[in-house]
Amino acid sequence: MADLKQQIFQELTSLEEAASRLRGMANDAGRQTDLEVAVLNKQVKILRDEHARAAELIDQSISILENLS
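Everything in this summary refers to the structure shown in the same document. Model, not experiment: these values are computed from the prediction.

Here we take up the overall build of the protein chain. Per the secondary structure count, the protein chain includes one helix and zero strands. Its C-alpha radius of gyration of 30 Å places the protein chain more than 25% over the 11 Å reference for a compact globule of 69 residues. Considering only C-alpha atoms, the protein chain reaches an extent of 100 × 10 × 5 Å along its principal axes. Every one of the 69 residues in the protein chain was classed for burial, and the buried ones make up 0%. For the protein chain, the accessible surface area stands at approximately 6,500 Å², while carbon and sulfur atoms represent 60% of it. In the protein chain, 8 positive and 12 negative side-chain charges are present, and the distance between their average locations comes to 4 Å.

Next up, the structure:
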């Protein structure tokens, strides 16, 4: 009976350790995702700024061409 109790406690300890590792992995994955989202947000902002600047340059070019006509 004592051996059975010991085996059960060992199994519970193993389960606790596995759950702890899984929690750590989930936490790390969440941080990784947050970092990826931050990088993508920065890239989108840069692309929007570049697009706005390109639109301004196109408008200026059209204005110059209209003045030349």
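This paragraph deals with the pattern of salt bridges. Taken as a whole and assessed by the stated rule, the structure comprises three salt bridges. Here Arg31 and Asp28 are joined by a salt bridge, their closest N and O atoms 2.5 Å apart. Separated by three residues within a single helix, Arg31 and Asp28 lie in helix α1 (residues 2-68), roughly one turn from each other. A residue is classified by how much of its surface remains accessible, and Asp28, at 45% relative accessible area, is partly exposed. Here Lys45 ties to Asp49 by a salt bridge, and the two come within 2.9 Å at their closest N and O atoms. Placement of both Lys45 and Asp49 in helix α1 is noted, with a separation of four residues, approximately one turn of the helix. Using a relative accessible area of 47% as the deciding quantity, one classes Lys45 as partly exposed. Judged by relative accessible area, which is 42%, Asp49 ranks as partly exposed.

What counts and how
Residues numbered from 1 in each chain as written. Predicted model: local features only at pLDDT ≥ 70, side-chain atom pairs only at ≥ 80, totals over all residues. Heavy atoms only, no water. Helix = DSSP H or I, 4+ residues; strand = E, 2+ residues; numbered from the N terminus. Rg over C-alpha atoms; globule rule 2.2 N^0.38 Å. Buried < 20%, exposed > 50% of the residue type's maximum accessible area, 1.4 Å probe, protein only. Areas by Shrake-Rupley, 256 points an atom, 1.4 Å probe, with all protein chains shown as cover. Lys, Arg positive; Asp, Glu negative; His and termini not counted. Charge placed at Lys NZ, Arg CZ, Asp CG, Glu CD. Salt bridge = Lys/Arg side-chain N within 4 Å of Asp/Glu carboxyl O.

By themselves, these figures tell us nothing about what the structure is for.
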